[in-house]
Amino acid sequence: MNVTPTAAGAARPATYRDVFAVAEARVLFGSFGVFMVGETVKMIALSVLVYERTGSGLLAALAYVTAFLPHALGGLFMLALADRWPPRTVLVGYDLLRLAAVVTLALGVLSPAGMLVLAAAVGLFAPVSNAARAALLPEVLPGDAYVLGRSLLTVAAGGTQVLGFALGGVLLGWIGPYGALWATAATCALSALLVRAGLAPRPPRTGRDGSGAVRETWQINRALLADRRIRGLLLAQWLPGSLFVGAEGVAVPYAAELGPGGGAGVLLMAAAFGMLLGNLLVGRFVGPAHREAWTPWLALLLGVPMLAFVARPGLWLAAALFAAATAGFAYQLGLARRFLDAVPETRRGQAFGLLSAGMMTIQGLAATAGGALSDALGPGTVMALAGAASLVATLALWRVLTPGPDRTTSPS
């Protein structure tokens, strides 16, 4: 039986202790961590395996990102399943699908092309699983605890990816890519077991309306985007942070330009640290009302430090600028409750799936554009341009980012 965190939610903001006091929240965070570690190890192992068998750097790169490339397609065509099916069924089902796919890869029976196709096909269902998890979080953590829970999922995503990279490197050296895939299979089984044993069964949020999942996904996506309030909140969560990713996409060439002492790993670690610290500090020490009032100013923080890259700062100053900028990602915490209130409860899964799919798509486009521009303009200039683009998006969306009576109550 769940306990309701911060029963006196109106009297004080929730704390991380309140969040972890809920058993189902611990299950969601634990299974998500296992999921992220396994997915990261799988990407590394598959990339190495494809390169060993083909010698093609392009195919190895495709293997590395193949789990993300289908995300936009899954968001366009499959998201209705997140509300049509019980959430526990969606999460367990996707883990078992991943398990079957990884076992097939580990057996070595497929050609490199077949491996890529299988990984991409499974990736189509990733948005459905992500949407089910995101929509389940406010049911498990009501009130302000939901905002902290979302913050913890963001922190967990970054932290477990770092752990996955480290573990993947160790496993590749110890048992090779096929062995690493078998280890990934174990994480799939463990994640499914945690969800099945630790989450209570819940009914679907909506019934089937007689139309297919693809048609319903299109219809609901159009309805969500047609709602002015929801559309504004989606753009506010998509654009300022996703445009910043254009700067992260050129961290490697920027570090290379700094010479032998430059390290892209330092820059990327600083970016991850800044995001983690911003989420923890704003989530833990800033009350709900102030958190929402600070939203546009935190979004500005994403872009302002990056303007200094026109001067091509050295490694440690560049790392400090990266950390300061990514702390601004905490602006999304101020939008979390407003977005939850804006979307219909029966379409909550699809709304969160649309949010995630759009964010990943725009981030991919921003990183690709940054890489394309870096050869002509130089990575430092591209980083400054990414910061400027984030600033322009923040200023254009200022009214949406700023809470107010007309923007914090659901439209009739």
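Each remark here, short or long, concerns the structure printed above.
Bear in mind that the values here come from a model prediction, so they are computed numbers and not experimental data.

A.B. asks: In this structure, what is going on with the overall build of the protein? I would like to understand it.
C.D. replies: On a plain count of helices and strands, the protein comes out with 20 helices and 0 strands. A buried classification covers 52% of the 412 residues belonging to the protein. Residue pairs at least 24 apart in sequence account for 84% of intrachain contacts in the protein once pairs closer than 6 positions are excluded. By element, 71% of the accessible surface of the protein is carried by carbon and sulfur atoms, the whole surface being about 17,100 Å².

A.B. asks: Which parts of the structure should I look at to understand the environment of Val41?
C.D. replies: With respect to the secondary-structure elements, Val41 resides in helix H2 (residues 23-54). Since its relative accessible area comes to 3%, Val41 is described here as buried. Expressed as a C-alpha distance, the spacing of Val41 and Leu181, which sit 140 residues apart in the sequence, is 7.6 Å. If we ignore the near neighbours within four places in the chain, the residues touching Val41 are Gly164, Leu167, Gly168, Leu171, Ala180 and Thr184.

A.B. asks: Any chance you could explain the pattern of salt bridges here in plain terms?
C.D. replies: In a structure, side chains of opposite charge can pair up when their charged atoms sit close to one another. Taken as a whole and judged by the stated rule, the model has 11 salt bridges. With its nearest N and O atoms 3.6 Å apart, the salt bridge here joins Lys42 to Glu39. Here Glu39 and Lys42 lie together in helix H2, a separation of 3 residues that amounts to about one turn. Looking at Lys42, the relative accessible area reads 8%, which means it is buried. The shortest N-O distance in the salt bridge between Arg84 and Glu216 comes to 2.4 Å.

A.B. asks: Please explain the side chain of Asp95 as it appears in this structure.
C.D. replies: Along the polypeptide, Asp95 turns up in helix H6 (residues 87-107). Here Asp95 falls in the buried class, since its relative accessible area comes to 2%. A polar side-chain atom of Asp95 sits 2.7 Å from a polar atom in the side chain of Arg98.

A.B. asks: Looking at this structure, how should I read the nonpolar core?
C.D. replies: Note that soluble globular proteins tend to have their nonpolar side chains buried in a common cluster. Core analysis: the largest hydrophobic core is formed by 92 residues, its most contacted members being Leu141, Leu267, Phe322, Phe339 and Met383. Per element, the largest residue contribution to this core is 9 residues, and it comes from helix H9 (residues 144-198). Shared between two domains, this core takes at least three residues from each, and those domains are domain 1 (16-200) and domain 2 (212-404). Grouped together as the second largest cluster of nonpolar side chains are 17 residues, Val41, Leu46, Val102 and Ala180 included.

A.B. asks: I keep staring at the environment of Pro87 and nothing clicks. Help me out?
C.D. replies: With respect to the element layout, Pro87 can be found in helix H6. A residue is classified by how much of its surface remains accessible, and Pro87, at 3% relative accessible area, is buried. Distance from Pro87 to Val128, taken between C-alpha atoms, is 9.7 Å for residues 41 residues apart in sequence. Setting aside its immediate chain neighbours within four residues, Pro87 contacts Ala132, Leu136, Arg202, Pro203 and Arg205.

A.B. asks: Just checking my understanding: could you explain the packing of helix H11 (residues 228-248) against helix H19 (residues 379-396) for this structure?
C.D. replies: Packed helix pairs are characterised by how far apart their axes lie and by the angle those axes make with each other. Packing of H11 against H19 brings their axes to within 7 Å, and their N-to-C directions diverge by 175°. Relative to H19, the element H11 lies roughly antiparallel. For the pair formed by H11 and H19, the contact residues are Leu239, Pro240, Leu243, Phe244, Gly246 and Ala247 on the first element and Val382, Met383, Ala386, Ala389, Ser390, Ala393 and Thr394 on the second. Its residues placed into classes, the contact of H11 with H19 shows 10 nonpolar, 3 polar and no charged.

A.B. asks: What should I look at first to understand H2 in this one?
C.D. replies: Spacing of three or four residues puts side chains on the same side of an α-helix, whose turn is 3.6 residues. Spanning 32 residues, H2 covers 46 Å between terminal C-alpha atoms, matching the ideal 46 Å at 1.5 Å per step. Taking burial as the measure, the 32 residues of H2 include 24 buried ones, the bulk of the element.

A.B. asks: How should I be thinking about unusual backbone geometry in this particular structure?
C.D. replies: Note on backbone geometry: most residues besides glycine have negative phi, and most peptide bonds are trans. Even without glycine at this site, Arg312 takes up a positive phi of about 50°. Using a relative accessible area of 43% as the deciding quantity, one classes Arg312 as partly exposed.

A.B. asks: Would you mind going over the packing of aromatic side chains with me for this structure?
C.D. replies: Remark: the centre distance and the inter-plane angle together describe each pair of aromatic rings, the angle taken between the planes. Applying the stated criterion across every chain yields a total of 9 aromatic pairs. Aromatic pair Phe32 and Phe35: ring centres 6.4 Å apart, planes at 25°, arrangement stacked. Highlighted residues: Phe32 and Phe35, both in helix H2, separated by 3 residues, approximately one helical turn. Owing to a relative accessible area of 6%, Phe35 belongs among the buried residues under this scheme. Put simply, the rings of Phe244, Tyr254, Phe309, Phe322 and Phe329 touch in pairs and so form one group of aromatic residues. Over the ring of Phe35 we find Arg133, and its NZ or CZ is 5.4 Å from the ring centre.

A.B. asks: When you look at a nonpolar patch on the surface in this model, what are you seeing that I'm missing?
C.D. replies: On the surface, Phe273, Leu277, Leu281 and Phe285 cluster together into a nonpolar patch covering about 420 Å² of accessible area. Following the sequence through the fold, Leu281 ends up in helix H13 (residues 264-285). In this structure Leu281 comes out as partly exposed when scored by relative accessible area, which is 42%.

A.B. asks: Explanation requested: the packing of H11 against helix H18 (residues 348-377) in the structure shown.
C.D. replies: The N-to-C vectors of H11 and H18 enclose an angle of 30°; their axes lie 8 Å apart at closest approach. By the angle between their axes, H11 is roughly parallel relative to H18. In this structure, the crossing between H11 and H18 has a hand that is right-handed. On the side of H11, the interface is formed by Leu234, Gln237, Trp238, Leu239, Ser242, Leu243, Val245 and Gly246, while H18 contributes Leu354, Leu355, Gly358, Met359, Ile362, Gln363, Ala366, Ala367 and Gly370. Looking at the contact of H11 with H18 residue by residue, the class counts come to 11 nonpolar, 6 polar and no charged.

Thresholds applied
- Residues numbered from 1 in each chain as written.
- Predicted model: local features only at pLDDT ≥ 70, side-chain atom pairs only at ≥ 80, totals over all residues.
- Heavy atoms only, no water.
- Helix = DSSP H or I, 4+ residues; strand = E, 2+ residues; numbered from the N terminus.
- Buried < 20%, exposed > 50% of the residue type's maximum accessible area, 1.4 Å probe, protein only.
- Contact = heavy atoms within 4.5 Å.
- Areas by Shrake-Rupley, 256 points an atom, 1.4 Å probe, with all protein chains shown as cover.
- Salt bridge = Lys/Arg side-chain N within 4 Å of Asp/Glu carboxyl O.
- Polar contact = N/O pair within 3.5 Å; in protein donor to acceptor, adjacent residues only side chain to side chain.
- Core = buried A, V, L, I, M, F, W, Y, C linked by side-chain atoms within 4.5 Å.
- Domains from an automatic or database assignment.
- Axes fitted to C-alpha atoms, helices over the stretch in contact; angles between N-to-C directions.
- Parallel < 35°, antiparallel > 145°, perpendicular 65-115°, else oblique.
- Nonpolar A, V, L, I, M, F, W, Y, C, P; charged D, E, K, R; others polar.
- Expected span 1.5 Å × (residues − 1).
- Phe/Tyr/Trp six-rings, centres within 6.5 Å; stacked < 30°, edge-to-face > 60°.
- Lys NZ or Arg CZ within 6 Å of the ring centre and 35° of its normal.
- Patch = residues over 30% accessible without salt bridge, like charges linked within 9 Å, V, L, I, M, F, W, Y side chains within 5 Å.
- Left-handed = near helix turned anticlockwise from the far one by under 90°.

Such coordinate-based values are descriptive only and should not be taken to indicate function.
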